[in-house]
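Reading the structure
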Amino acid sequence: MGAPEIPLIDTCFHGRHISPQILAGLTPDGWTIKDYVARGGYEALKKVVRTMKPEEVIAEIKASGLRGRGGAGFPTGLKWSFMPAKLPIQKYLVCNSDEGEPGTFKDRDILRYNPHIVIEGMAIAAYAMGVTRGYNYIHGEIWEVYERFEQALDEARAAGLIGENILSSGFSFELQAHHGYGAYICGEETALLESLEGKKGQPRFKPPFPASFGLYGKPTTINNTETFAAVPWIIRHGGQAYLEVGKPNNGGTKVFSISGDVERPGNYEIPLGTPFAKLLELAGGMRDGKRLKAVIPGGSSMPVLPAEIMMATDMDYDSIAKAGSMLGSGAVIVMDETRCMVRCLLRLSYFYYEESCGQCTPCREGTGWLWRMVNRIEKGQGSPEDLAKLDEVAGNIMGRTICALGDAAAMPVRAFLKHFRAEFEHHIVHKRCLVGDAV
Amino acid sequence: MSVQLSLSERPSGPVLSAEAYKKIDREIAKYPADQRQSAVMSALTIAQREVGWVSPEVEAEVAAYLGMPPIAVHEVATFYNMYDLTPTGRFKLTVCTNLPCALRNANHAADTLKAKLGIGFNETTADGLFTLKEGECMGACGDAPVMLVNNHRMCSWMSEDRIDALLNELRSEAQSSTSRPEGGR
Amino acid sequence: MIELEVDGQKVEVPEGSMVMDAANKLGLYVPHFCYHKKLSIAANCRMCLVEVEKAPKALPACATPVTPGMRVFTASSKAKTAQKKRNGISADQSPAGLPDLRSGW
């Protein structure tokens, strides 16, 4: 038990996507290989192994302008070109399904309702980079989804679509699933590699980058679930067509996870460049008709934006960057007029403190300080100097840590202070909340 | 490098069942032959499902089987927060209270559980049935409030009614079987 | 051997050496806490952050390999700020109510 067969509030079956590619034509039970093939699945893989050279595949992905969908937005074709494709040594392909950025739940729906699209995308990527072994790292909190993905892998193996000599092409690619077990930091690509190797998920220094020293020290490419899921459509319709869905430099569709104070939280696949106001409308608008106050547009690590700015912004990398935040994972957290910004920041700050791997001083110590200072302020025990100190500590952590978790902890602090300073001051001066109710 | 006692040489016999070892072997086969350590997370998960928690004996046995120093297994068991290093109740309930869930009644769900069970976070009910834990983002924010039962079963939209129904279901499951079912929880 | 410049002085070190080795060879002191020539490189105390020309962020001297023609500044204002403030606050400050952190100075 736990959830009925038909979800009470379906997260991707709401029928409100716009030009979907990854979430198109899905049904709760339609995840099997039979259903996937019926909707054109594995045609792209056949086209690739039968008619395309590896370099041509990479060229097509480059032409599409596809950018990593996990949060960093790095150009995918460029990343693939870093791999020594012709070198006859063992190389690895890894899918980062360690979805743990608060607000993000798109990969869960992709994996449970369309697992084969990820398998197909990875097989195509492996062909392009001369890789014969791959792993999909799935975070442990979605255990049932991990088990389903393993079933999908069995189906694909039985059909000869992964494994030895795929489609009699001479190309072999073996794919396995690996599960995480409760560590947000394993979403960082080198921490993920450490975890795959059976160690604590503590990030490595970069350089060297995974394309030269990755899993077990071998050249490795790591991409997000949604990035691989975007590949089959690009192969079937061409990179140029993908680029044309969206805006220049921001091609294709993106699955946005929208949560918080909206009527219909869920995953919405829309072309990049769609206005935020439209996405909000798709999600049923504000819950109980309340007024929009703040939005975190790309997952909790990205700077918060106040309502006026967000309502004038389009959902794409460049527009959100111009507005002062980042598209990130595309996780949109919506907060209404009843929410205390100090309390919201407090819960986020606690998350980073809890999830710091402990390796380097600025993050290990700094995340604790940030949380304790925000906590004092929220509880009415702050003093006037605290705000400057809070901003200074956050600023000093940035750029000085081994990985981006330090930055991820610092950016929300600076952004909340920048846009909602009055609420923090109210907590300090009046020792109570400006808004009243909180979370 | 480490001394590997065969399972029959261990003083009290192996902690894990033959079935568990079959599962662990399937996991080991996913990785290169010289990388048995990669299977440590799966091995600990399989062990925890069977034994109920990651005990020092479990760590030592997994270390020996995979050819790892016991401290390396301990590092992994302490690093990933879904492993339990102390015994828990029969049903470990983990509630996410991170911001997106908090915006949709997660704290109310947590308070409801605390009230109904009479315990706080990191505590176990006197009858040994339930342990309550606070969790971080589980990647299902659209389903808020979200809970896990014994790590592997995700429960969504946990209103008071659904919490009631869940607790009743778990209590009757516990009543109808006095021992852990075959294969763990 | 690779030639680079640290604080305006030219030095030659074997390929694969770190910036810290180059600074040490010149007798220049770079603050450090987790680095020791007999230990593997941890680079996690972040005390040895130095400025490297053309690099956007300050880099840890103990873990940054030397490159030919590299120009390093161990005591520039960018380097000193990074070294003093990498813990989040200046070593002579402390968020009110919390213990002072003066690690290894």
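Residues numbered from 1 in each chain as written. Chains lettered and ligands numbered in written order. Predicted model: local features only at pLDDT ≥ 70, side-chain atom pairs only at ≥ 80, totals over all residues. Heavy atoms only, no water.

With respect to the sheet that holds strand E8 (residues 266–271) of chain A
Residues and elements named next belong to chain A. Strands sit in the order E8-E7-E13-E10-E11 across an open sheet of 5 strands; the sheet is mixed. The strands lining the two open edges of the sheet, one partner per strand, are E8 and strand E11 (305–306). Where strand E7 (residues 253–260) and strand E13 (residues 331–336) come together, 4 bridges link them in parallel fashion. Bridge assignment links glycine 260 to a residue of E13, and that residue is valine 334. Here helix H17 (residues 405–430) sits on the sheet in contact with strand E10 (292–296) and E11, set at roughly 150° to E10. (Pairing = 2+ DSSP bridges. Helix = DSSP H or I, 4+ residues; strand = E, 2+ residues; numbered from the N terminus. Contact = heavy atoms within 4.5 Å. Axes fitted to C-alpha atoms, helices over the stretch in contact; angles between N-to-C directions.)

Some details on the packing of aromatic side chains
Remark: the centre distance and the inter-plane angle together describe each pair of aromatic rings, the angle taken between the planes. What the rule picks out here adds up to 21 aromatic pairs over all chains. Of the aromatic side chains, those joined through ring pairs into one cluster are Tyr92, Tyr135 and Tyr216 of chain A together with Tyr31 of chain B. Over the aromatic face of tyrosine 317 of chain A sits the side chain of arginine 67 of chain A, whose NZ or CZ is 4.1 Å from the ring centroid. (Phe/Tyr/Trp six-rings, centres within 6.5 Å; stacked < 30°, edge-to-face > 60°. Lys NZ or Arg CZ within 6 Å of the ring centre and 35° of its normal.)

With respect to the sheet that holds strand E1 (residues 92–97) of chain A
All names here are of chain A. The sheet built from 4 strands is open, its strands ordered E3-E2-E1-E4 with parallel pairing. Among the strands making up the open sheet, the edge pair consists of strand E3 (174–179) and strand E4 (220–224). Going from strand to strand, the sheet's axes swing by 20° on average, the running direction of each strand aside. Where E1 and strand E2 (residues 133–138) come together, 6 bridges link them in parallel fashion. Opposite valine 94, over in E2, you have tyrosine 135 as the bridge partner.

Brief notes about the packing of helix H16 (residues 385–397) of chain A against H17 of chain A
Residues and elements named next belong to chain A. One way to put it is that H16 packs onto H17 with a least axis distance of 8 Å and a crossing angle of 170°. With respect to H17, the element H16 is oriented roughly antiparallel. Residues Leu387, Leu390, Asp391, Ala394, Gly395 and Ile397 of H16 pack against Gly406, Ala410, Val413, Arg414, Leu417, Arg421, Phe424, Glu425 and Ile428 of H17. Grouping the amino acids of the contact of H16 with H17 by side-chain chemistry returns 9 nonpolar, 2 polar and 4 charged. (Parallel < 35°, antiparallel > 145°, perpendicular 65-115°, else oblique. Nonpolar A, V, L, I, M, F, W, Y, C, P; charged D, E, K, R; others polar.)

Thoughts on helix H2 (residues 43–51) of chain A
All names here are of chain A. Turning to H2, its buried residues are Ala44, Leu45, Val48 and Val49. The buried residues of H2 occupy an angular sector of 120° when projected down its axis, which confines them to one face. Among the exposed residues of H2, those oriented more than 90 degrees off its buried face are Arg50 and Thr51. Its buried side turned inward, H2 meets helix H3 (54–64), helix H6 (115–129) and helix H9 (225–237). (Buried < 20%, exposed > 50% of the residue type's maximum accessible area, 1.4 Å probe, protein only. Arc of directions from axis to C-beta.)

Quick notes on the pairing of E1 of chain A
Residue and element names in this part refer to chain A. Within E1, 6 of the 6 residues are buried, which leaves the element mostly enclosed by the surrounding structure. Alternating residues of E1 divide into Tyr92, Val94 and Asn96 and Leu93, Cys95 and Ser97, and every residue in both groups is buried. Examined bridge by bridge, E1 and E4 share 5 bridges and lie parallel to one another. Paired with leucine 93 across the two strands is threonine 221, which belongs to E4.

Let's talk about the layout of surface pockets
Taken as a whole, the second largest pocket encloses approximately 710 Å³ of empty space. Of all the elements in the fold, those that place two or more residues in the lining of the second largest pocket are helix H14 (341–355) of chain A together with helix H4 (70–79), strand E1 (91–96), strand E2 (123–124) and strand E3 (130–135) of chain B. In terms of residue class, the lining of the second largest pocket is built from 17 nonpolar, 15 polar and 11 charged. (1 Å grid on protein atoms, 1.4 Å probe; cavity = no way out; pocket = protein on both sides within 12 Å on 5 of 7 lines; lining within 4 Å. Points joined across faces, edges and corners; volume = space filled by probe spheres on them.)

Some points on the nonpolar core
One broad trend across soluble globular proteins is that nonpolar side chains are buried collectively. By size, the foremost hydrophobic cluster in this structure holds 158 residues, and its most contacted members are Trp80, Val118, Phe173 and Phe416 of chain A together with Leu44 and Tyr80 of chain B. In this view, leucine 44 of chain B contacts Val54, Val58, Val62, Val73, Val76, Ala77 and Tyr83 of chain B; residues no more than four positions away in its chain are not counted. (Core = buried A, V, L, I, M, F, W, Y, C linked by side-chain atoms within 4.5 Å.)

Looking at the pattern of salt bridges
Residue and element names in this part refer to chain A. Under the definition given, this model contains 40 salt bridges over all chains. In this structure, aspartate 314 engages lysine 247 in a salt bridge whose closest nitrogen and oxygen atoms are separated by 3.2 Å. Note that aspartate 314 is positioned in strand E12 (residues 314–315) and lysine 247 in strand E5 (residues 246–247), a separation of 67 residues in sequence. Look at aspartate 314 and you get partly exposed, because its relative accessible area is 24%. Given the relative accessible area of 26%, lysine 247 is considered partly exposed. For glutamate 423, the salt bridge is made with lysine 293, and the minimal N-O distance between the two is 2.5 Å. In this pair, glutamate 423 sits in helix H17 while lysine 293 sits in strand E10, placing the two residues 130 residues apart along the sequence. (Salt bridge = Lys/Arg side-chain N within 4 Å of Asp/Glu carboxyl O.)

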